[in-house]
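# Structural characterization, general
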Amino acid sequence: MYAQFFGSYLLSKNAVTPKQLTEAISHLSDVHIKLGTLAMHMGYMTAEEVNEVCFLQTREDKHFGQIAIERNYLFEDQLNELLNTQSPDYLLLGQNLVDMGALTNNQLEELLLGYQQENELKYGTESNEIPDETMQLVNKFFEQTGRPIPKNMLIYMNLLFNDLVRFIGFDFTPLTPVFVTSYDTNYCITQRITGVLPLLTAIDMEPDTAIAFAGRYAKMDFNEFNEYVKASLEDFINLHNGLFSVNMSNTYSKEAELDPPGHTEEKSLKLSDDAFIVPIIYPFGTIYFIVSSLPGEEDKKEA
């Protein structure tokens, strides 16, 4: 999930536009990491040194690593380490943006440093997608709002981001969460989680976006907004909430029950004081996830 949160970081810094980011993240699977990008990430070379080696490659028929060693920018053992390193996906995103001309290597170097420091990431550890680290990213993502959210909601959102990658696709960017007490709906599916983890959850989007989202989830080609699309949206939120309930039961011994999901006819959802919306940008449109405590229920602030 590192690329998705790095994308959100870039937007928050006004470093790229949503269009540039969507294009770059949608092509992550089409490219391989370059040695220069990886060397810069590991702190072995500066952006200026990478730029120089890339320029020399246009004048000499030599590999990047060979030139870098000749210029004393890399040692042999560092080059071997880079060649055997599994790089985090957010480096590919940054490289794509440089290749597109949206960023320079110098800008990418500065942004990578800021992102790593802000999220307390260490060189060489991000590529493993460690659960505790991804949870830390989600926590940092919500910290930017200046409002703490209950632990059960953090766990819920961490699983949601993972389920989006698993069932819909990795080519998305989450935007900064917005705290609200009401929400005007488009086509909105809601589901209540009751028991000791009371939450109101919802997924909302425009019909055209729903067609594309449902098609990815069901692995089918939908051409119109019909009952199959609606059923797919309900199935997705029910699957995600079911996994959340099972995880909370197995890990924290917190039991929860699910009401049936369904389309709400309400034009405006009334929410609790701690409710938030997270817009998710996909190439086919924006999806809105809403999470709210159920007023009057116990344990509304902590899992």
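Residues numbered from 1 in each chain as written. Predicted model: local features only at pLDDT ≥ 70, side-chain atom pairs only at ≥ 80, totals over all residues. Heavy atoms only, no water.

Before going further, it helps to examine the domain arrangement of the protein. Often, the extent of an interface is quoted as the loss of accessible area upon association of its parts. In terms of domain boundaries, the protein breaks down into domain 1 (3-129) and domain 2 (132-300). The distance between the C-alpha centroids of domain 1 and domain 2 comes to 32 Å. Taken residue by residue, the interface counts 20 residues in domain 1 and 17 residues in domain 2. Summed over both partners, the interface of domain 1 with domain 2 comes to about 1600 Å²; 63% of that surface belongs to carbon and sulfur atoms. (Domains from an automatic or database assignment. Contact = heavy atoms within 4.5 Å. Buried area = accessible area lost by both parts, 1.4 Å probe.)

So, about the pattern of salt bridges. With the rule as written, the count across this model stands at 8 salt bridges. Two residues, Asp-163 and Arg-166, come together in a salt bridge whose shortest N-O distance is 3.1 Å. One end of the pair, Asp-163, and the other, Arg-166, are both in helix α10 (residues 151-167), 3 residues apart, so they sit about a helical turn from each other. In this structure Asp-163 comes out as buried when scored by relative accessible area, which is 1%. As a salt-bridge pair, Arg-192 and Asp-259 come within 3.2 Å of each other at their nearest N and O atoms. Placement of the pair is Arg-192 in strand β4 (residues 187-195) and Asp-259 in the loop between β6 (256-258) and β7 (262-263), with a sequence separation of 67 residues. Taking the relative accessible area as the measure of exposure, Arg-192 reaches 36% and is therefore partly exposed. For Asp-259, a relative accessible area of 27% translates into the label partly exposed. (Salt bridge = Lys/Arg side-chain N within 4 Å of Asp/Glu carboxyl O. Helix = DSSP H or I, 4+ residues; strand = E, 2+ residues; numbered from the N terminus. Buried < 20%, exposed > 50% of the residue type's maximum accessible area, 1.4 Å probe, protein only.)

Further remarks concern α10. With 17 residues, α10 should cover 24 Å at 1.5 Å per step; its first-to-last C-alpha distance of 24 Å lies within 8% of that length. Most of α10 sits out of view: 12 of its 17 residues are buried. Every buried residue of α10 is accounted for by Asn-152, Met-153, Leu-154, Ile-155, Tyr-156, Met-157, Asn-158, Leu-159, Leu-160, Phe-161, Asp-163 and Leu-164. Looking at the residues trailing α10, positive phi occurs at Gly-169, about 145°. (Expected span 1.5 Å × (residues − 1).)

Here we come to the packing of aromatic side chains. Each aromatic ring pair is characterised by the separation of its centres together with the angle its planes make. The final tally for this structure, using the stated rule, is 20 aromatic pairs. With 5.4 Å between their ring centres and 50° between their planes, Phe-172 and Tyr-282 make a pair best called tilted. Note that Phe-172 is positioned in the loop between α10 and β1 (173-174) and Tyr-282 in strand β9 (residues 276-282), a separation of 110 residues in sequence. For the pair Phe-172 and Tyr-282, one class covers both residues: buried. Judged by centre distance (4.9 Å) and plane angle (10°), the rings of Tyr-282 and Phe-284 are stacked. When its relative accessible area of 2% is taken as the criterion, Tyr-282 is described as buried. Given a relative accessible area of 21%, Phe-284 falls into the partly exposed group. (Phe/Tyr/Trp six-rings, centres within 6.5 Å; stacked < 30°, edge-to-face > 60°.)

When you line up the elements, Phe-55 lands in helix α4 (residues 47-57). Take Phe-55: its relative accessible area is 47%, and that puts it in the partly exposed class. Spatially, the C-alpha atoms of Phe-55 and Leu-91 are 21 Å apart, while their sequence positions differ by 36 residues.

Attention now goes to the nonpolar core. If you look at the biggest cluster of nonpolar residues, it comprises 85 residues, and the most contacted ones within it are Met-157, Phe-161 and Leu-164. Formed jointly, this core draws a minimum of three residues from each of two domains, domain 1 (3-129) and domain 2 (132-300). The residues contacting Leu-164, other than those within four sequence positions of it, are Gly-169, Phe-172, Phe-213, Phe-236, Ile-280, Tyr-282 and Phe-289. In this structure, Val-180, Cys-188, Ala-202 and Ile-290 belong to the second largest nonpolar core, which totals 11 residues. (Core = buried A, V, L, I, M, F, W, Y, C linked by side-chain atoms within 4.5 Å.)

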